[in-house]
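If you want the building blocks of each chain, they are given just below.
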Amino acid sequence: MSLSRSAIDTKPYARAGQADRSKILLRCLHLAVGLLGLLAFLLAGLYFYLELPDRSDVSQVSSLLYRANHIYLLCAALLNVQLGCYLSVLNLPLARGLQWTGSLLLLLAPALLLLSIFDEPVNSGPELPYTLPAVIALFVGVTLHAAARVLARRQSR
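In this text the structure is predicted, and so the values were computed from the model without any measurement. (Residues numbered from 1 in each chain as written. Predicted model: local features only at pLDDT ≥ 70, side-chain atom pairs only at ≥ 80, totals over all residues. Heavy atoms only, no water.)

Counting its regular elements, the protein contains 5 helices and 0 strands. Order of helices (α) and strands (β) in the protein, N terminus to C terminus: α-α-α-α-α. Out of the 157 residues belonging to the protein, those deemed buried represent 31%. Sequence separation of 24 or more characterises 78% of the internal contacts of the protein that already satisfy a separation of 6 or more. (Helix = DSSP H or I, 4+ residues; strand = E, 2+ residues; numbered from the N terminus. Buried < 20%, exposed > 50% of the residue type's maximum accessible area, 1.4 Å probe, protein only. Contact = heavy atoms within 4.5 Å.)

Listed below in structure tokens is the structure:
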């Protein structure tokens, strides 16, 4: 019983073309950023658990901002993990451009939200210099991915 080399090849992407490498790169970026975001979420939660109860100078507003930004970070990380697992980059150039733009925004959001956790509650004012752009980036990124999918489906008809 002889198995051909392709039947036992353990590297399914070893012979991928440039387009396939681009698709794999985008998925790996989303997965890496998502997993790092989940790690940051867990470490920030541990920090809050160990540090914040001892601090009596934390107001209710600051406490709510810590929690809200912490949950936003979880949401952005999970969204990136999801895209890292299931994203299929489209072949239509315009749709692919929309996906890449949306992905760049979605990859940027966890970093902004991590900054917001440690800066905004301390300087709690009406401005949210990190949270607002991050939430807008999440909204626009998801919207661009949805628009790319709709565009690709209409082109395939």
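Still more ground to cover, so stick around.
On the surface, a nonpolar cluster with roughly 670 Å² of combined accessible area is contributed by Leu-36, Leu-39, Leu-43, Leu-46, Tyr-49 and Leu-50. In this fold, Leu-36 is placed in helix H2 (residues 18-51). (Patch = residues over 30% accessible without salt bridge, like charges linked within 9 Å, V, L, I, M, F, W, Y side chains within 5 Å. Areas by Shrake-Rupley, 256 points an atom, 1.4 Å probe, with all protein chains shown as cover. Salt bridge = Lys/Arg side-chain N within 4 Å of Asp/Glu carboxyl O.)

By the definition in use, this model includes 4 aromatic pairs. Between Tyr-47 and Phe-48, the aromatic rings sit 5.9 Å apart at their centres with planes inclined by 55°, giving tilted as the arrangement. Aromatic rings pair up to connect Tyr-47, Phe-48, Tyr-66 and Phe-118 into one cluster. (Phe/Tyr/Trp six-rings, centres within 6.5 Å; stacked < 30°, edge-to-face > 60°.)

Taking 1.5 Å as the rise per residue, helix H3 (residues 60-86) with 27 residues should run 39 Å; its terminal C-alpha atoms sit 39 Å apart, in good agreement. Those residues of H3 not exposed but buried are Ser-62, Leu-65, Tyr-66, Asn-69, His-70, Leu-73, Ala-76, Ala-77, Asn-80, Val-81, Leu-83 and Gly-84. (Expected span 1.5 Å × (residues − 1).)

Turning our eyes to something else, we now look at the nonpolar core. Most often, soluble globular proteins keep nonpolar side chains buried together rather than apart. One finds Phe-48, Leu-73, Leu-87, Leu-113, Ile-117 and Leu-138 to be the most contacted residues of the largest nonpolar core, which totals 20 residues. Of all the secondary structure elements, the ones that give two or more residues to this core are H2, H3, helix H4 (93-119) and helix H5 (131-156). Leaving out residues up to four positions away in the same chain, Leu-138 has contacts with Ala-76, Leu-79, Leu-106, Ala-109 and Leu-113. (Core = buried A, V, L, I, M, F, W, Y, C linked by side-chain atoms within 4.5 Å.)

Next up on the list: H5. Helix length check: H5, at 26 residues, gives a terminal C-alpha distance of 38 Å against a target of 38 Å (1.5 Å per residue), a fit within 8%. When we look at burial in H5, the residues that qualify are Thr-131, Ala-134, Ala-137, Leu-138, Gly-141, Leu-144, His-145, Ala-148 and Ala-152. Where H5 is buried, its residues contact H3 and H4.

This paragraph deals with the confidence of the model for the protein. Looking at the protein, pLDDT values average 85 and 83% of them are 70 or higher. Counting interchain partners and residues more than four positions distant, the pLDDT-below-50 stretch residues 1-16 has 6 contacts. (pLDDT = per-residue confidence, 0-100.)

Right, let's talk about the packing of H3 against H4 for a bit. Two elements in contact, H3 and H4, have axes separated by 9 Å at closest approach and are oriented at 160°. When the axis of H3 is compared with that of H4, the two are roughly antiparallel. The handedness of the crossing between H3 and H4 comes out as left-handed. Note on element contacts: H4 touches H3 through Leu-106, Leu-107, Pro-110, Leu-113, Leu-114, Ser-116 and Ile-117, opposite Tyr-66, Asn-69, His-70, Tyr-72, Leu-73, Ala-76, Leu-79, Asn-80 and Leu-83. (Axes fitted to C-alpha atoms, helices over the stretch in contact; angles between N-to-C directions. Parallel < 35°, antiparallel > 145°, perpendicular 65-115°, else oblique. Left-handed = near helix turned anticlockwise from the far one by under 90°.)

A separate point is the packing of H3 against H5. Packing of H3 against H5 leaves a shortest axis separation of 11 Å and a crossing angle of 25°. It follows that H3 is roughly parallel to H5 by the angle criterion. Classified by chirality, the crossing of H5 by H3 is left-handed. For the pair formed by H3 and H5, the contact residues are Asn-69, Tyr-72, Ala-76, Leu-79 and Leu-83 on the first element and Thr-131, Val-135, Leu-138, Val-142 and His-145 on the second. The class makeup of the residues in the contact of H3 with H5 is 7 nonpolar, 3 polar and no charged. (Nonpolar A, V, L, I, M, F, W, Y, C, P; charged D, E, K, R; others polar.)

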